[in-house]
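Here are the chains, one letter per residue:
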Amino acid sequence: MGTGAISSLLAHFHFHQPDSKALEIFTLLFFFLDLVFFVLICGATIARYCIFPELWSTMIEHPTQSLFIGAFPMGAATLINGALTVHQTYDFAGRGFLYALWGLWWLDCAISFFTTVGMLYVIMTKQRHSLDQMSAVWLMPTATLVVASSTGSLLASALIPVNARHAQLTAAASFTILFMGLSLCLMVITVYLMRLMIHGPLDVNLIFSSFIILGPLGQGGFSILVNSQNVKALHLVPSLSVEAIQSVCFCIAWALWSMGLIWLCISLASVYGVVRQQRVPFALGYWGLIFPNAVYALLTVELGAILESVVLNYLGAVFSGFVFLLWAFVFTKTIPAVWNTTLFYSPCVSKLDEDTLALFANQARFSGE
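Model, not experiment: these values are computed from the prediction.

Q: Sorry, what's going on with the overall build of the chain here?
A: A tally of helices and strands in the chain yields 13 helices and zero strands. Helices and strands appear in the chain in the N-to-C order α-α-α-α-α-α-α-α-α-α-α-α-α. Its C-alpha atoms give the chain a radius of gyration of 21 Å, near enough to 21 Å, the size a compact globule of 369 residues would have. Counting over 369 residues, the chain shows a buried share of 46%. Look at the contacts in the chain between residues 6 or more apart in sequence, and 83% of them connect residues 24 or more apart. Charge separation in the chain, taken as the distance between the mean sites of 13 positive and 16 negative side-chain charges, equals 4 Å.

Structure (structure tokens):
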């Protein structure tokens with residue numbers, strides 16, 4: 001997710017020369033790096049549950065690790081975004097490739113919908129939660145619809161010169177899943193604020209998840225802005241004023257950007273309060289910093305482009321540069337952690353008893369033989 005968001009940031013970077021080869025190379029580099037990461041992680045995940053099928057139910061019942069199932073459709077959505085950028089900007093492939101991406105997007109929407117509804121059902125029936133144990137990770141299942149909506153808005157824009165009816169269908173579906181996901185996310189954010197006010201900042205192991213809130217706010221605002229432009233181009237609402245709808249969409253996007261700004265400050269304050277007391281060891285959770293900040297920077301860039309605002313353009317460039325440096329830092333720290341395997345920690349496995357772990361080990365040994 002984080003690497004794919006960097007690719008999107010580069011594709012929308014405001015300050016660059018037309019036909020910049022350097023920007024083209026970096027955009028393609030991060031897209032293919034994102035593709036490699038996605039294939040490797042999916043392959044490892046499939047192998048894990050094929051070798052140890054018992055782990056699936058254990059993971060689903062875990063109150064924290066199961067929420068990260070939502071990362072799969074969101075990671076896939078960043079790949080579709082990157083491939084669409086390659087198709088449009090660099091004239092890669094033809095109409096068939098565009099429709100292949102369109103089909104993959106519908107599949108991603110279906111997975112996102114079932115992830116949202118399915119995980120909410122699991123949370124209500126299979127898991128036990130309490131307010132003091134809540135974190136912003138609760139947003140992961142519901143944010144999948146918002147991210148899929150953002151991809152749909154970009155696809156609808158690309159489909160306009162190809163097939164207006166398909167573009168209209170895509171834009172309508174994108175708006176629908178956007179408001180589905182965004183409404184749920186705003187409810188969860190409200191509960192999370194209450195949790196912070198009653199129980200204080202998160203535990204040191206989850207403190208960086210505070211920034212996850214920027215994800216649905218930034219991606220939701222970006223989706224609304226792009227979809228509002230599609231409304232004008234497609235004449236989706238002929239009986240209403242297109243300018244009025246665009247104004248309403250812009251106000252919603254600006255409100256989401258403003259909410260993101262205050263939550264950025266709250267998250268920084270929470271991190272400061274924890275870090276000043278104890279060190280935060282490097283873990284996989286560091287990667288959770290990148291995607292939310294990247295999509296919030298993307299919304300800032302898009303607002304600057306629409307308003308032709310110098311302040312927002314420079315602010316978006318600063319945010320983008322910060323996110324890129326953050327990605328470079330986390331990526332550099334990840335390489336040795338992968339090599340010595342300290343990065344690979346599964347909370348649900350650590351709760352299994354020794355007899356179960358011994359059974360899994362014997363199964364792996366017999367499979368190897």
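From this point on, the discussion continues.
Q: Explanation requested: the packing of helix H8 (residues 214-234) against helix H10 (residues 290-307) in the structure shown.
A: Geometrically, a packed helix pair is captured by the angle between its two axes and the distance between the axes. As a packed pair, H8 and H10 sit with axes 7 Å apart at the nearest point and diverge in direction by 30°. The chirality of how H8 crosses H10 is left-handed. Two secondary-structure elements touch here, H8 through Leu214, Gly215, Leu217, Gly218, Gln219, Gly221, Phe222, Leu225, Val226 and Gln229 and H10 through Phe291, Pro292, Asn293, Val295, Tyr296, Leu298, Leu299, Glu302, Leu303 and Ile306. The class makeup of the residues in the contact of H8 with H10 is 13 nonpolar, six polar and one charged.

Q: What am I meant to see in H8 here?
A: An α-helix turns once every 3.6 residues. As a result, residues three or four positions apart point the same way. Taking 1.5 Å of rise per residue, the 21 residues of H8 would be expected to cover 30 Å, and the 30 Å separating its terminal C-alpha atoms lies within 8% of that figure. Taken across its 21 residues, H8 has 18 buried, putting it largely inside the fold. With its phi angle positive at about 55°, His235 sits one or two positions after the end of H8.

Q: Quick question: what am I supposed to make of unusual backbone geometry here?
A: Not every positive phi belongs to a glycine, and Glu308 is a case in point at roughly 55°. Following the sequence through the fold, Glu308 ends up in the loop between H10 and helix H11 (310-339).

Q: Looking at this model, I keep getting lost on helix H1 (residues 2-11). Mind explaining?
A: With nine of 10 residues buried, H1 lies mostly within the body of the structure. Taken together, the buried positions of H1 are occupied by Gly2, Thr3, Gly4, Ala5, Ile6, Ser7, Ser8, Leu9 and Leu10. Residues of H1 that are buried make contact with helix H2 (21-51), helix H4 (71-89), H10 and H11.

Q: Where do I start with the nonpolar core in this structure?
A: Note on soluble globular proteins: their nonpolar side chains tend to be buried together. Within the largest apolar cluster, 97 residues are counted, with the highest numbers of intra-cluster contacts made by Trp105, Tyr192, Phe208, Ile213, Trp263 and Ile290. Top element by residues in this core is helix H7 (residues 164-199). It accounts for 12 residues. If we ignore the near neighbours within four places in the chain, the residues touching Tyr192 are Met134, Ser135, Ala136, Leu202, Ser210, Ile213 and Trp263.

Q: Even after reading the chapter, I still don't get the packing of H7 against H8, so can you show me in this structure?
A: Running from N to C, H7 and H8 cross one another at 150°; their axes reach a closest spacing of 10 Å. Taken as axis vectors, H7 and H8 run roughly antiparallel relative to one another. Two packed elements cross with a definite hand, and for H7 against H8 that hand is left-handed. Note on element contacts: H8 touches H7 through Pro216, Leu217, Gly220, Ser223, Ile224, Asn227, Ser228, Val231 and Leu234, opposite Ala164, Ala167, Gln168, Ala171, Ser174, Phe175, Leu178, Leu182, Cys185, Leu186 and Ile189. Here the contact of H7 with H8 is built from residues that sort into 14 nonpolar, six polar and no charged.

Q: Which parts of the structure should I look at to understand a nonpolar patch on the surface?
A: A surface patch of nonpolar side chains, amounting to about 480 Å² of accessible area, comprises Val191, Leu193, Met194, Met197 and Ile198. Structurally, Val191 is set in helix H7. Take Val191: its relative accessible area is 32%, and that puts it in the partly exposed class.

Q: What should I look at first to understand the side chain of Thr78 in this one?
A: The topology assignment puts Thr78 in helix H4. Among residues more than four places away in sequence, those in contact with Thr78 are Met1, Gly4, Ala5, Asp34 and Phe291.

Scoring rules and cut-offs
- Residues numbered from 1 in each chain as written.
- Predicted model: local features only at pLDDT ≥ 70, side-chain atom pairs only at ≥ 80, totals over all residues.
- Heavy atoms only, no water.
- Helix = DSSP H or I, 4+ residues; strand = E, 2+ residues; numbered from the N terminus.
- Rg over C-alpha atoms; globule rule 2.2 N^0.38 Å.
- Buried < 20%, exposed > 50% of the residue type's maximum accessible area, 1.4 Å probe, protein only.
- Contact = heavy atoms within 4.5 Å.
- Lys, Arg positive; Asp, Glu negative; His and termini not counted.
- Charge placed at Lys NZ, Arg CZ, Asp CG, Glu CD.
- Axes fitted to C-alpha atoms, helices over the stretch in contact; angles between N-to-C directions.
- Left-handed = near helix turned anticlockwise from the far one by under 90°.
- Nonpolar A, V, L, I, M, F, W, Y, C, P; charged D, E, K, R; others polar.
- Expected span 1.5 Å × (residues − 1).
- Core = buried A, V, L, I, M, F, W, Y, C linked by side-chain atoms within 4.5 Å.
- Parallel < 35°, antiparallel > 145°, perpendicular 65-115°, else oblique.
- Patch = residues over 30% accessible without salt bridge, like charges linked within 9 Å, V, L, I, M, F, W, Y side chains within 5 Å.
- Areas by Shrake-Rupley, 256 points an atom, 1.4 Å probe, with all protein chains shown as cover.
- Salt bridge = Lys/Arg side-chain N within 4 Å of Asp/Glu carboxyl O.

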